[in-house]
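Structure assessment
Spelled out from the first residue to the last, the chains are:
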Amino acid sequence: MPLIVVSGQAGIGKTTLVSKWMRSLSAEFPHGQFYADLRGHSGGVPVGPGEILGQFLRALGAGPPPADPVERGALWRSLTAERRIAVMLDNAFTAAQVRPLLLAGTDGLVVVTSRRRLTGLRMQGAGFHQLDALGADAGIELITRGIGEDRVAGEIASVRRLVALCAGLPLAVCLASARLATRPRQSVGALADALARNAGGDRLAALEVEGETSVRTALDASYAVLSEETARLYRTLGLLPVRTFDALTAAAACGESLDWAERRLDELVEANLVEDVGPDSCRLHDLLRIHAHDRAVEDDTEAAREEALRRFCDWSLFTATAAQQRLTPAQFTLPRVYAHPPGPGLPLPFDDDVTALGWLDAHRTQLLDAVRLASRSGWYDTSWMLTDALWPLFLRLRHYEAWIEAHGIGLDAARRAGNREAERQMLNSGAIGLGAAGRTEEATAWYRDSLAAARAAGDVRDEGQALMGLGACHREAGRPDEAVSHLNRAIAVWEECGYPRGAALARTTLGEIALAAGDPEEASACFAHAHAALVAVNDPHDAARSLVFLGRARVRAGAYAEGVAKMNDALAVFTASGAAFWQARALEMLGDSAAEQGDAPSAEAFLARARALFATTSPADARRLAVSG
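In this report, the structure presented in the accompanying data block is examined. None of these values were measured; they are calculated from a predicted model. (Residues numbered from 1 in each chain as written. Predicted model: local features only at pLDDT ≥ 70, side-chain atom pairs only at ≥ 80, totals over all residues. Heavy atoms only, no water.)

**A short note on helix α15 (residues 286–299)**
Operational definition: Secondary structure elements are taken from DSSP: a helix is a run of H or I of four residues or more, a strand is a run of E of two residues or more, and numbering for both begins at the N terminus. In this analysis, the expected span of each helix is defined as 1.5 Å times one less than the number of residues it contains. Under the scheme applied here, a residue whose accessible area is under 20% of the maximum for its type counts as buried, over 50% as exposed, and between as partly exposed, the area being computed with a 1.4 Å probe on protein chains only.
Counted at 1.5 Å a residue, the expected span for α15 with its 14 residues is 20 Å, and the 20 Å between its end C-alpha atoms agrees. If you check which residues of α15 are buried, you get Leu 287, Leu 288, Arg 289, Ile 290, His 291, Ala 292, Asp 294, Arg 295 and Ala 296.

Next comes the structure, spelled out in structure tokens:
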């Protein structure tokens, strides 16, 4: 290709790479190699192409260059049309700066380096090469060249950690290496520890060596040429407690429209300050994130920084609540309160149950970060409300660690907010997670706290929830009689206060106990009663749960075809909604039923599918099936 653009963020090694590569090609370009620094990010005004053309023409021996820029360009193209020359245009700022310097012939080569992608040169047939950060092995090799193999071999784990802290940025790795080279008695581990302690600007300051270009200086130069609004977005992104983000998150945090955010993100991607890592997903390189955060601290007021973070939390709450309302409409939820309600111009990122659950799952790290941030910032209501909004994610996909951590934070936040109703909500839904994760004793303690709080408040509805939870814990602990007693008390409480959904959920657990005890007829009666009630209150997920158990009970009662049909109907509901854990449970029941019927091939097929789904939703169940298989 006669024109190549090599782009990448500051400090990635563009100039070094291209210079070395072009020196290796010197024999292929016998009429000479030309170099010009266009000073696109060197401070001051970038060099105009007319000035560079004058230098190039004098180097060709053309005498004093014409005063008119158009004539200079014409003479340059004429003189190079038949020559095999190579030109390196370093540190370019725009495509317009480059175009007058291109060659007329096809036998030459022009290589442009830039912190921007310069996509406008596509019209001139450019090929594009984007430089990424060094991998771990390459970073270790670079450190080795600076301080020697013996020193690296003695601290290989620390060297690997140092490369990671430099985020694979060659400039940062080289500066760290130079610092170690000037301190032969300092251990690599000591420098890595120093960088790890300095999570903010002090880490960039530590990556400075006298007489060398610092990482901070290089990034400041890239930041300085951003438009005012794009610079604001860059600073805001540095504040957010997330590694990846989309345009909606960026827009919400800035209090702007989606179109505004998309335009500014495009500029940041073009400037190689933000990486486009997938459909609707971007991220900040670790050192860039530190730099953006530092710029926010320096350039924005404390009030502006707090508002951006509060907007991020409110957007997370607003979107998760919308998903919750779609996925679990029958669930009782407490009112939501927003400091900065998202504007009507921001669309929800999902439009059906599957995409809503998919959004919750894809953003669960961001959502948990928002729970933590809200708690740390003293926005306690936001913290527990967001935990509550994540219920369908926890219920359907069983991310136990996140479930338990979020509810620990949410419970503390509800107590700090002085909201007793929210406290009971956190206790109940958190206890369900503890029980599902096999932490039965802890779950029992949470339910007991909830029961005491509900009775103190005279909240009959929550009293029933705690009683049902205690019944489930007794069942899990192998105490079926106590379990049945608590469940029947829960049903009585809920039927008295007019909460049929709760009574139906308790009857589903009673059915499970009867089925385990070898009484499929009693189990069928419980499941059928529960299913009818859950359908009536429009709770399709829990209705499908009772239906799959009803199908299994009918098989155990001898009605194989009827039972399989019901289990398949339930499986279809779980599949359509993306409830992977319950898909696996349904497949396991179908597999067990086929095995009891003597259909070994079908049984193995069902159980293999169940194991695959359990592997991502409940590893303990996956191991259990592997052992039993």
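**Focus on the packing of helix α26 (residues 500–516) against helix α28 (residues 540–556)**
Note the following rule: Angular values range over 0 to 180 degrees, each being the angle between N-to-C directions of two axes fitted as lines to C-alpha atoms, with helices fitted over their stretch in contact. For classification, angles of less than 35 degrees are called roughly parallel, those exceeding 145 degrees roughly antiparallel, those between 65 and 115 degrees roughly perpendicular, and all remaining angles oblique. Each helix crossing is assigned a hand: it is left-handed if the near helix lies turned anticlockwise from the far helix by less than a right angle, otherwise right-handed if that turn is clockwise. Residue contacts are counted whenever heavy atoms from the two residues lie within 4.5 Å of one another. For this scheme, ten residues count as nonpolar: Ala, Val, Leu, Ile, Met, Phe, Trp, Tyr, Cys and Pro. Four count as charged, namely Asp, Glu, Lys and Arg, and the remainder, Gly too, count as polar.
Running from amino to carboxyl end, α26 crosses α28 at an angle of 25 degrees, the nearest separation of the two axes being 11 Å. Relative to α28, the element α26 lies roughly parallel. The element α26 and its partner α28 pack so that their crossing is left-handed. Facing Arg 501, Leu 505, Thr 508, Glu 512 and Leu 515 of α26, the residues of α28 in contact are Asp 542, Arg 545, Ser 546, Phe 549, Arg 552, Ala 553 and Arg 556. A breakdown of the residues in the contact of α26 with α28 according to their chemical character gives 4 nonpolar, 2 polar and 6 charged.

**Regarding the pairing of strand β1 (residues 3–7)**
Quick reminder of the rule: Only when DSSP finds a minimum of two bridges between them are two strands counted as paired.
In terms of burial, β1 is a largely internal element, 5 of the 5 residues being buried. Pairing analysis gives 5 bridges linking β1 to strand β4 (residues 109–114), with the strands arranged parallel. Within β4, the residue paired with Ser 7 across the bridge is Ser 114. Across 4 bridges, β1 lies against strand β5 (residues 127–130) in parallel orientation. Bridge pairing in β5 places Ser 7 opposite Gln 130.

**Focus: the nonpolar core**
Put simply, the rule is: Note on terminology: a nonpolar core comprises buried Ala, Val, Leu, Ile, Met, Phe, Trp, Tyr and Cys residues joined through side-chain atoms within 4.5 Å.
Core analysis: the biggest nonpolar cluster contains 172 residues, and Leu 162, Tyr 234, Leu 237, Leu 268, Leu 360 and Val 548 have the highest contact counts within it. Beyond its immediate stretch of four places on either side in the chain, Val 548 contacts Met 567, Ala 570, Phe 574, Trp 582, Ala 586 and Met 589. Counting 26 residues, the second-largest nonpolar core is a separate cluster that includes Ile 52, Trp 76, Ile 85 and Ala 95.

**Some points on the packing of helix α16 (residues 302–327) against helix α17 (residues 353–362)**
Across the interface, α16 lies against α17 with an axial gap of 9 Å and an inter-helix angle of 140 degrees. Looking at the two axes, α16 sits oblique to α17. Like other packed secondary-structure pairs, α16 and α17 cross with a definite hand, here left-handed. Here α16 contributes Thr 319, Ala 320, Ala 323, Arg 326 and Leu 327 to the contact with α17, which in turn contributes Asp 353, Ala 356, Leu 357, Trp 359 and Leu 360.

**Some words on the environment of Glu 442**
For clarity, the threshold we go by: Definition of a polar contact: a pair of N or O atoms within 3.5 Å, with one able to donate and the other able to accept a hydrogen when the atoms are protein atoms, and with sequence-neighbouring residues admitted only if both atoms are side-chain atoms.
By the element assignment, Glu 442 lies in helix α23 (residues 440–457). Along the sequence, Glu 442 and Leu 288 sit 154 residues apart, while their C-alpha atoms lie 42 Å from each other. Among the polar contacts listed, one links the side chain of Glu 442 to the side chain of Arg 439, at a separation of 2.8 Å.

**Digging into the packing of aromatic side chains**
Stated precisely, the cut-off is as follows: Note on aromatic contacts: the rings of Phe and Tyr and the six-membered ring of Trp form a pair at centre separations within 6.5 Å, being stacked when their planes are under 30 degrees apart, edge-to-face when over 60 apart, and tilted otherwise. Counted as over-ring charges are cases with an Arg CZ or a Lys NZ within 6 Å of the ring centre that also lie within 35 degrees of the ring normal.
Scanning the entire structure with this criterion turns up 16 aromatic pairs. A ring pair is formed by Trp 494 and Tyr 499, whose centres lie 5.5 Å apart and whose planes are at 80 degrees; its orientation type is edge-to-face. Of the two residues, Trp 494 and Tyr 499, neither departs from the other in class, the shared state being buried. In this structure an aromatic cluster arises from ring pairing among Phe 527, Phe 549, Phe 574, Phe 581, Trp 582 and Phe 614. Over the face of the ring belonging to Phe 581 we find Arg 398, whose NZ or CZ atom lies 4.4 Å from the ring centre. A cation over an aromatic ring shows up here: Arg 461 above the ring of Tyr 499, its NZ or CZ 3.8 Å from the ring centre.

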